[in-house]
Amino acid sequence: MASGKSVKPPWWLKPMNKIFIRLSKLGLSFGGESPVVLTVPGRKSGAPRSTPVTPMTLGGQRYLVAGFPGADWVKNVRAASEATLTRGRTSERVRMVELSPDDARPVLRAFPTEVPTGVGFMKRSGLVKDGRPEEFEALAGRCAVFRFDKI
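Cut-offs and rules
- Residues numbered from 1 in each chain as written.
- Predicted model: local features only at pLDDT ≥ 70, side-chain atom pairs only at ≥ 80, totals over all residues.
- Heavy atoms only, no water.
- Core = buried A, V, L, I, M, F, W, Y, C linked by side-chain atoms within 4.5 Å.
- Buried < 20%, exposed > 50% of the residue type's maximum accessible area, 1.4 Å probe, protein only.
- Helix = DSSP H or I, 4+ residues; strand = E, 2+ residues; numbered from the N terminus.
- Contact = heavy atoms within 4.5 Å.
- Patch = residues over 30% accessible without salt bridge, like charges linked within 9 Å, V, L, I, M, F, W, Y side chains within 5 Å.
- Areas by Shrake-Rupley, 256 points an atom, 1.4 Å probe, with all protein chains shown as cover.
- Salt bridge = Lys/Arg side-chain N within 4 Å of Asp/Glu carboxyl O.
- Lys, Arg positive; Asp, Glu negative; His and termini not counted.
- Charge placed at Lys NZ, Arg CZ, Asp CG, Glu CD.
- Pairing = 2+ DSSP bridges.
- Axes fitted to C-alpha atoms, helices over the stretch in contact; angles between N-to-C directions.
- Expected span 1.5 Å × (residues − 1).

(A) Representation of the nonpolar core in the model. Membership of the largest hydrophobic core comes to 19 residues, with the highest contact counts inside it found for M56, L108, M122, F136 and L139. Counting only elements with at least two residues in this core, the list comes to β4 (61-65), α3 (101-114) and α4 (116-125). At five residues, the largest contribution of residues to this core is made by α3. Contacts of F136, omitting those with residues within four sequence positions, involve L108, F111, P112, V119, M122, V128 and G131. By size, the runner-up hydrophobic cluster in this structure holds 18 residues, among which are V36, V40, A71 and V74.

Dropping the structure here:
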């Protein structure tokens, strides 16, 4: 696992995100999972910034795992703490609460089972080698994990 290295998103991520956002706004799913569009004010401009994400549910609570340490959307969420989730024509406002590394561990451990499409993505990025739950759990404190709370 690339524990000390900086992880950069692949060059194709931003163009693909634009396509995924359009598909999500049409209510279409991809990869067998139910992605949503996360929209949060930019931390510098205040302009809305959107990215497709795939939340997961554990014990009746919804969570979101960042695929890259230092992702722009994570910085924006930390600055704003509130966001809008949109799937098709349905939107909801949520408060996003970042979990401590200890609280994030069980969520990260469940990630490979709950969001299998994310496993390949994180393997290709070098964050995990085999995609085992233990590898994801070890990302606690490195990859942000947020809980969605209703507003």
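(B) Focus on a positive patch on the surface. A surface patch of like charges, here positive, comprises K14, K18, R22 and R49. Of all the elements, helix α1 (residues 13-25) adds the most residues to the positive patch, at three residues. Structurally, K18 can be placed in helix α1. Exposure remark for K18: the relative accessible area of 60% places this residue in the exposed category.

(C) Inspection of the pattern of salt bridges at higher detail. Counted under the stated rule, the structure contains eleven salt bridges. In this structure, the salt-bridge partner of R43 is D72, at a minimum N-O distance of 3.6 Å. Here R43, found in the loop between β1 (36-41) and β2 (48-53), pairs with D72, found in helix α2 (residues 72-80); they are 29 residues apart in sequence, far enough to count as distant. On the basis of relative accessibility, which here comes to 34%, the residue R43 falls in the partly exposed class. When salt bridges that share partners are traced, they join R109, D130, R132, E134 and E137 into one network.

(D) Summary view of the sheet that holds β4. In space, the seven strands of this open sheet follow the order β2-β1-β5-β6-β7-β4-β3, with antiparallel pairing throughout. The open sheet is flanked by β2 and β3 (56-58), the only strands paired with a single partner. Recorded for the sheet is a direction-independent mean angle of 40° between the axes of neighbouring strands. Relative to strand β5 (residues 82-87), β1 is paired through three bridges, and the arrangement is antiparallel. Residue pairing in the sheet places T39 in a bridge with T84 of β5. Where α2 meets the sheet, its contacts fall on β1, β2, β4, β5, β6 (90-98) and β7 (145-150), and the angle it forms with β1 comes to roughly 55°. Against the sheet, α3 touches β3, β4 and β7, its axis set at about 120° to β3.

(E) How the structure looks around α3. Helix length check: α3 (14 residues) gives 19 Å between terminal C-alpha atoms against 20 Å at 1.5 Å per residue, within 8%. Taken together, the buried positions of α3 are occupied by A104, V107, L108, A110, F111 and P112. Residues of α3 that are buried make contact with β3, β4, α4, α5 (133-137) and β7.

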